[in-house]
2 protein chains.
Amino acid sequence: MELLARARQLESEGRSIIHMEVGEPDFPTPDPIVEAGRQALMEDHTHYTPAMGITELREAIAGHYATRFGCRVDPQQVVVTPGSSGALQLVMGVLVNPGEAVLMADPGYPCNRHFVYLAGGDPVTVPVGPATQYQLTAELVEKAWTPNTKAVMLATPSNPTGTLVSRQAMEEIHEVVKSRNGVLIIDEIYQGLVYGGEEFTAASIADDIFVINSFSKYFGMTGWRLGWMIAPREMVAAVDKLAQNIFLSPPTPSQHAALAAFTEETQQILESRREAFRARRDFLLPKLQELGFEMATEPQGAFYLYANCSSLTGDSFDFAMRLLEEEGGAITPGKDFGSNRPEQHVRFAYTTDISKLEEGVKRIARFLGRS
Amino acid sequence: MELLARARQLESEGRSIIHMEVGEPDFPTPDPIVEAGRQALMEDHTHYTPAMGITELREAIAGHYATRFGCRVDPQQVVVTPGSSGALQLVMGVLVNPGEAVLMADPGYPCNRHFVYLAGGDPVTVPVGPATQYQLTAELVEKAWTPNTKAVMLATPSNPTGTLVSRQAMEEIHEVVKSRNGVLIIDEIYQGLVYGGEEFTAASIADDIFVINSFSKYFGMTGWRLGWMIAPREMVAAVDKLAQNIFLSPPTPSQHAALAAFTEETQQILESRREAFRARRDFLLPKLQELGFEMATEPQGAFYLYANCSSLTGDSFDFAMRLLEEEGGAITPGKDFGSNRPEQHVRFAYTTDISKLEEGVKRIARFLGRS
């Protein structure tokens with residue numbers, strides 16, 4: 001965050017900054033979605049909606065699971081939320097009582113911990129590394145489980161690591177969690193941004209899993225603040241009640257716009273963007289490896305590379321700050337993602353086009369005295 | 001809520017329902033705001049913004065205080081939020097520690113209690129009645145204060161009572177709260193919808209008050225999910241950090257649309273709507289009094305009348321349910337607003353036009369055997 005503020009300041013002073021720190025697609029919202037939003041405004045879709053969202057959108061989301069994954073989802077279990085942030089707050093709000101723990105991987109998305117705190121719970125982070133592709137496993141979950149543990153949260157693809165959880169690994173974790181009477185929460189907000197490996201959804205594994213998703217990343221709708229979850233049937237009423245109390249409803253124009261997210265036309269745009277992200281990853285990954293950044297496994301999703309930089313520096317925060325100050329290259333130091341050897345890691349986001357990534361790599365090389 | 005669901009069900013079965021229960025203006029969003037929203041979408045304003053909102057909007061809101069109230073507000077202290085619900089969550093999140101109490105009036109808006117619970121605090125409701133125009137006073141605050149009390153929250157105009165807090169009363173309450181090292185929170189989300197009495201803002205009383213506001217009610221932007229607060233200077237950083245963690249940012253198209261909320265053109269539309277609300281109140285109030293509903297004071301704001309119905313029924317919930325079932329008249333029973341003699345009260349919302357209110361009055365009269 002400190003680094004982000006500094007990057008903005010330098011830029012406002014006229015410095016050229018190559019942004020490899022931004023967790024937001026550089027693409028604008030696809031035209032058909034924007035057009036649907038404009039149409040919705042013309043038709044005065046500006047009033048409150050039900051707290052769980054408009055029926056048409058809940059049905060469209062359920063239809064998306066059928067089309068894309070051959071997975072049957074009951075629209076009654078689809079809850080539209082103000083961003084996946086809203087979904088996470090609802091999940092933790094209905095699940096976690098004060099003193100109860102939620103297990104999650106470290107490194108991980110820092111706000112996840114915050115949603116557990118907000119509910120009065122304890123986020124318990126489990127260090128993960130290249131041996132498990134920076135993901136939790138059934139074994140790690142079993143070891144970390146205590147009588148206070150209420151839930152386990154996985155993210156696939158993961159921010160910051162870009163790695164996936166395989167179907168088998170998720171099934172094994174689900175077994176362990178179930179046997180302890182816990183709840184599994186799967187964050188799929190980067191779903192669709194996958195460049196290898198099997199694509200599946202946690203919704204196809206069991207119907208007692210909270211599945212979190214978002215229109216922000218794959219669908220390119222960050223500023224619209226719209227996400228969703230699939231909630232276990234017996235939890236829907238509690239989720240609805242909490243949503244009524246704390247959100248009233250998700251943004252109405254955004255909901256109507258999102259109806260255009262699942263059309264053939266939009267899907268074609270999104271798939272071509274996926275290919276662009278893949279090309280960026282394929283460009284950036286080997287270049288960074290040549291420069292001495294280590295990635296044990298090829299990250300297969302999201303738009304992040306999480307690199308071990310310990311052969312280049314002993315202090316990734318200082319490294320990132322100096323790279324920014326000296327060369328105008330903005331990357332994210334490990335400490336934003338947890339306390340599992342953060343000083344040895346940095347995150348690169350490929351949310352900018354290849355010509356800029358080329359320039360970024362050039363600047364890093366110069367910074368390292370390698371050019 | 002039960003009643004709302006039943007009203008919807010009856011309507012879907014083809015029954016004619018007169019809605020005097022809806023807490024949302026029946027007017028659509030003013031055209032200039034809708035047009036600004038459409039323009040914003042065309043210009044791709046669809047990405048994340050800073051967590052506290054875009055600078056132009058924070059400045060426009062500050063300008064609104066200058067224009068309307070001659071009150072100087074620093075744009076740096078203006079925080080744009082996902083609805084006033086978002087603002088309330090942030091306020092309680094940064095202020096209230098587990099076990100600390102927030103005082104508020106009963107009857108009051110039920111979600112306010114929930115935001116205190118969410119922060120681990122105790123909402124402590126203080127019964128209020130016609131003697132204090134259903135508002136807290138300095139004396140009531142002093143009596144209810146305990147060592148655990150952290151903050152006091154007032155709403156002016158109030159939901160459900162439509163009554164105001166006078167400047168003098170607010171100043172006195174502020175003195176008491178300050179002398180106890182507490183914090184004052186003023187909910188002004190119905191500001192602008194005032195039909196008598198002095199118009200002022202809590203921001204003009206002191207700069208250590210949290211002032212909550214919304215684009216939903218006066219500005220007619222409910223579904224856009226946009227509100228704001230003015231935070232005391234030393235609390236802004238904490239609010240910003242929490243907003244970054246739990247919301248990321250308020251909806252971007254909504255923020256750009258709201259820039260058109262303060263223009264001369266929009267203000268004219270809003271002022272003519274205010275006159276329509278006033279006319280509705282002036283129609284409905286005496287008709288209800290004739291029928292035996294008692295309102296000790298003339299409610300001067302929002303779009304609600306909170307009536308004592310104890311001369312007509314001993315059970316306002318049963319009364320409201322039977323009125324709905326027998327005559328298709330939907331009103332809100334007191335129990336939605338607290339536990340201060342709820343069985344003796346009902347709320348009427350005049351969010352529907354006079355011809356419908358006329359029909360509503362006719363149905364109530366028939367229900368009471370008075371026609």
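Residues numbered from 1 in each chain as written. Chains lettered and ligands numbered in written order. Predicted model: local features only at pLDDT ≥ 70, side-chain atom pairs only at ≥ 80, totals over all residues. Heavy atoms only, no water.

Asker: Help me understand the overall build of chain A, please; the structure alone is not making it clear to me.
Answerer: Counting secondary structure elements, chain A contains 12 helices and 12 strands. Taken over C-alpha atoms, the radius of gyration comes to 20 Å for chain A, in line with the 21 Å a tight globule of 371 residues would show. Its C-alpha atoms give chain A principal-axis dimensions of about 60 × 55 × 35 Å. Of all 371 residues assigned to chain A, the portion counted as buried reaches 61%. Carbon together with sulfur atoms contributes 48% to the accessible area of chain A, which is approximately 13,500 Å² in total. Averaging the locations of the 32 positively and 47 negatively charged side chains of chain A gives two centres separated by 3 Å. (Helix = DSSP H or I, 4+ residues; strand = E, 2+ residues; numbered from the N terminus. Rg over C-alpha atoms; globule rule 2.2 N^0.38 Å. Buried < 20%, exposed > 50% of the residue type's maximum accessible area, 1.4 Å probe, protein only. Areas by Shrake-Rupley, 256 points an atom, 1.4 Å probe, with all protein chains shown as cover. Lys, Arg positive; Asp, Glu negative; His and termini not counted. Charge placed at Lys NZ, Arg CZ, Asp CG, Glu CD.)

Asker: How do you make sense of the nonpolar core when you look at a structure like this?
Answerer: What tends to happen in soluble globular proteins is that the nonpolar side chains get buried as a cluster. Counting 255 residues, the largest nonpolar core has Phe215(A), Phe293(A), Phe348(A), Phe215(B), Phe293(B) and Phe348(B) as its most contacted members. By residue number, the principal contributor to this core is helix α10 (residues 264-291) of chain B, which donates 7 residues. When sequence neighbours within four positions are dropped, the list of residues in contact with Phe293(B) reads Leu288(B), Ala307(B), Asn308(B), Cys309(B), Leu312(B), Phe319(B), Val346(B), Phe348(B), Ile364(B) and Leu368(B). (Core = buried A, V, L, I, M, F, W, Y, C linked by side-chain atoms within 4.5 Å. Contact = heavy atoms within 4.5 Å.)

Asker: Even after reading the chapter, I still don't get the domain arrangement of chain A, so can you show me in this structure?
Answerer: Many authors give the size of an interface as the accessible area that is lost as the parts come together. Residues and elements named next belong to chain A. Taken domain by domain, chain A holds domain 1 (2-23 + 265-370) and domain 2 (47-262). Using only C-alpha atoms to locate each centre, domain 1 and domain 2 end up separated by 26 Å. Facing 27 residues of domain 1, the contacting portion of domain 2 comprises 33 residues. Our count for the contact surface shared by domain 1 and domain 2 stands at 2 salt bridges. The partner of Arg 68 in a salt bridge is Glu 271, with the nearest N and O atoms 3.3 Å apart. Summed over the shared surface of domain 1 and domain 2, the result is 23 residue pairs in polar contact (both at pLDDT 80 or more). Breaking the side of domain 1 that touches domain 2 down by element, the ones donating at least two residues are α10 (264-290), β9 (304-308) and β12 (345-349). In terms of residue class, the side of domain 1 that touches domain 2 is built from 11 nonpolar, 10 polar and 6 charged. (Domains from an automatic or database assignment. Salt bridge = Lys/Arg side-chain N within 4 Å of Asp/Glu carboxyl O. Polar contact = N/O pair within 3.5 Å; in protein donor to acceptor, adjacent residues only side chain to side chain. Nonpolar A, V, L, I, M, F, W, Y, C, P; charged D, E, K, R; others polar.)

Asker: What should I look at first to understand the packing of aromatic side chains in this one?
Answerer: For any two aromatic rings, the description comes down to two numbers: the centre-to-centre distance and the angle of the planes. Tallying each qualifying case throughout the model produces 39 aromatic pairs over all chains. Taking 5.5 Å as the distance between ring centres and 75° as the angle between the ring planes, the aromatic pair formed by Tyr190(A) and Tyr304(A) counts as edge-to-face. Here Tyr304(A) lies in strand β9 and Tyr190(A) lies in the loop between β6 (183-187) and β7 (210-214), a separation of 114 residues in the sequence. Here Tyr190(A) matches Tyr304(A) in class, with each residue buried. With a centroid separation of 6.2 Å and 40° between ring planes, the pair formed by Tyr65(B) and Phe69(B) is classed as tilted. (Phe/Tyr/Trp six-rings, centres within 6.5 Å; stacked < 30°, edge-to-face > 60°.)

Asker: What exactly am I supposed to notice about helix α11 (residues 316-327) of chain B here?
Answerer: Each α-helix turn comprises 3.6 residues. Residues three or four places apart therefore point the same way. Residues and elements named next belong to chain B. With 12 residues, α11 extends 16 Å between its outermost C-alpha atoms, agreeing within 8% with the 16 Å of an ideal straight helix rising 1.5 Å per residue. Of all the residues in α11, the buried ones are Ser 316, Phe 319, Ala 320, Met 321, Leu 323, Leu 324 and Glu 327. As for α11, its buried residues are in contact with α1 (2-12), β10 (329-330), β11 (332-333), β12 (345-349) and α12 (354-367). The backbone nitrogen of Phe 317 lies 3.1 Å from a side-chain oxygen of the residue at the head of α11, namely Asp 315. Immediately downstream of α11, the backbone of Gly 328 shows phi near 70°, a positive value. (Expected span 1.5 Å × (residues − 1).)

Asker: Would you explain the UniProt feature "domain: Aminotransferase class I/classII large" (unreviewed entry) in chain A in this entry?
Answerer: In the numbering used here, UniProt assigns the "domain: Aminotransferase class I/classII large" (unreviewed entry) feature to residues 17-364 of chain A. Helix makes up 39% of residues 17-364 of chain A and strand 15%, whereas the separation of the span's terminal C-alpha atoms amounts to 12 Å. (UniProt positions renumbered as here; feature names shortened; annotations may be inferred.)

Asker: Whenever I open this one, the relation of the copies chain B and chain A confuses me. Can you help?
Answerer: For the pair of chain copies, the relating operation is a rotation around an axis with a shift along it. Least-squares fitting of chain B to chain A yields an RMSD of 0.0 Å, with the superposition described by an axial translation of 0.0 Å and a rotation of 180°. Each copy turns onto its partner about a two-fold axis. If distances are taken from each C-alpha of chain B to the rotation axis, the shortest is found for Arg38(B), at 2.6 Å. Same-surface contact between copies: 100% of interface residues of chain B are shared with the interface of chain A. (Least-squares fit on C-alpha atoms with pLDDT ≥ 70 in both.)

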